[in-house]
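Spelled out from the first residue to the last, the chains are:
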Amino acid sequence: MHPMLNIAIRAARKAGNLIAKNYENPESVETSQKGSNDFVTNVDREAEQAIIEIIRKSYPKHTIITEESGELLGEDHDIQWVIDPLDGTTNFIKRLPHFSVSIAVRIKGRTEVAVVYDPMRNELFSAVRGQGAQLNDYRLRGSNARDLDGAVLATGFPFKAKQHSAAYMNMLTKLFVPCADFRRTGSAALDLAYVAAGRVDGFFEIGLKPWDFLAGELIAREAGAIVSDFTGNHGYLQTGNIVAGNPRVVRALLAEIRSELTDALKR
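Residues numbered from 1 in each chain as written. Predicted model: local features only at pLDDT ≥ 70, side-chain atom pairs only at ≥ 80, totals over all residues. Heavy atoms only, no water.

### Looking at the UniProt feature "binding site: Mg(2+)" (unreviewed entry) in the chain
In step 1: Feature annotation in UniProt places "binding site: Mg(2+)" (unreviewed entry) on Glu 67, Asp 84, Leu 86, Asp 87 and Asp 212, given in this structure's numbering. For this annotated set, covering 146 residues, all C-alpha atoms fall within 9.6 Å of each other, a compact arrangement in space. Among the annotated residues just listed, those lining the largest pocket are Glu 67, Asp 84, Leu 86, Asp 87 and Asp 212.
In step 2: Tracing the sequence through the fold places Glu 67 in the loop between strand 3 (62-66) and strand 4 (70-72).
In step 3: A relative accessible area of 18% means that Glu 67 is categorised as buried.
In step 4: Tracing the backbone shows Asp 87 in strand 5 (residues 76-87). (UniProt positions renumbered as here; feature names shortened; annotations may be inferred. 1 Å grid on protein atoms, 1.4 Å probe; cavity = no way out; pocket = protein on both sides within 12 Å on 5 of 7 lines; lining within 4 Å. Helix = DSSP H or I, 4+ residues; strand = E, 2+ residues; numbered from the N terminus. Buried < 20%, exposed > 50% of the residue type's maximum accessible area, 1.4 Å probe, protein only.)

Structure (structure tokens):
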């Protein structure tokens, strides 16, 4: 096993256990708002600290980028751990049992190791670049859907970027005609892992942050998916506008939404 994967799994499991324990004990959860429709809890922060401690013990010089603490610069800038300690905080607050821990390791700008852990189902999705993707040690292969006919697409509403709401609703309307149905689960990291597992045929979302998707992106890719922005290019690292699925599904999805893209969504 890749040594950094080993540490990422250990950190994800420790954070996941902490999250699950607090889920069973809702009076221990303290919630605050850090932005419009953007919530954080003491559990996000405690889970993040647990992850940072495990990484720092093995790799004290690595840089760590987290959703809650920002960038913790290490001496080694070439290796970055990108962490979302609780992807799906709103689900967690509402006691809807669907959320995950997301950890990606980037070396010189390329994601090499990824872990997405669902503590409520004890499902650990993982990938190392060039070595395939796994769910609890079983190899993953994505959906073999040939087009959007019969396809189920995962998505997320742009609740932090409501200026895109009209364009997004138009995209939904356009896609709803050829595809079978949508799933809106509240955890982009798990949506991408589900693309890898073939549980959904494709995924698209507006305005994600790198910690939301970097781990899930590698897991999806290693299971045979492709990932692009809304124009079929690779600008999603900058914009967070992301589409994932097998090549045929992505091609069909991009063709459907093309006419609904505003200038802002074409970047």
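### A few points about the sheet that holds strand 11 (residues 152-156)
In step 1: Ordered by their spatial adjacency, five strands build an open sheet running 12-11-13-15-14, and the pairing between neighbours is mixed. Whereas interior strands pair on both sides, the edge strands pair on one side only; in this sheet they are strand 12 (181-183) and strand 14 (226-228). Here the average twist between neighbouring strands, direction ignored, is 20°.
In step 2: As paired strands, strand 11 and strand 13 (residues 202-205) are joined by four bridges and run parallel to one another. Across the sheet, Leu 153 pairs through a bridge with Gly 202, a residue of strand 13. (Pairing = 2+ DSSP bridges. Axes fitted to C-alpha atoms, helices over the stretch in contact; angles between N-to-C directions.)

### As for the packing of aromatic side chains
In step 1: Throughout the structure, instances matching the rule amount to nine aromatic pairs.
In step 2: Centroid distance Phe 92 to Phe 99: 5.4 Å. Interplanar angle 85°. Geometry classified as edge-to-face.
In step 3: Given a relative accessible area of 0%, Phe 99 falls into the buried group.
In step 4: Ring geometry for Phe 157 and Tyr 168: centres 5.5 Å apart, planes at 75°, overall edge-to-face. Of this pair, Phe 157 sits in the loop between strand 11 and helix 4 (165-176) while Tyr 168 sits in helix 4, and the two are 11 residues apart along the sequence.
In step 5: In textbook terms, an aromatic cluster arises when at least three aromatic residues are bridged by ring pairs, as seen for Tyr 23, Phe 92 and Phe 99.
In step 6: Above the face of the Tyr 23 ring, Arg 95 is positioned so that its terminal group lies 4.4 Å from the ring centre.
In step 7: Lying over the aromatic face of Tyr 194, Arg 199 brings its terminal NZ or CZ to 4.7 Å of the ring centre. (Phe/Tyr/Trp six-rings, centres within 6.5 Å; stacked < 30°, edge-to-face > 60°. Lys NZ or Arg CZ within 6 Å of the ring centre and 35° of its normal.)

### Considerations on the nonpolar core
In step 1: Ranked by internal contacts, the top residues of the largest apolar core, which has 36 residues, are Val 116, Phe 125, Leu 140, Phe 203, Phe 213, Ile 219 and Ile 242.
In step 2: Among the secondary structure elements, those contributing two or more residues to this core are strand 7 (110-118), strand 8 (123-128), strand 9 (133-135), strand 11, helix 5 (188-197), helix 6 (210-222) and strand 15 (242-245).
In step 3: Residues lining this core come from more than one domain, with at least three contributed by each of domain 1 (3-139) and domain 2 (152-258).
In step 4: Each residue touching Ile 242, except ones within four places of it in the same chain, is listed here: Phe 203, Phe 204, Glu 205, Leu 208, Phe 213, Val 227, Ser 228, Phe 230 and Tyr 236.
In step 5: Ile 19, Val 43, Ala 47 and Ile 55 belong to the second-largest nonpolar core, a separate cluster that totals 32 residues. (Core = buried A, V, L, I, M, F, W, Y, C linked by side-chain atoms within 4.5 Å. Domains from an automatic or database assignment. Contact = heavy atoms within 4.5 Å.)

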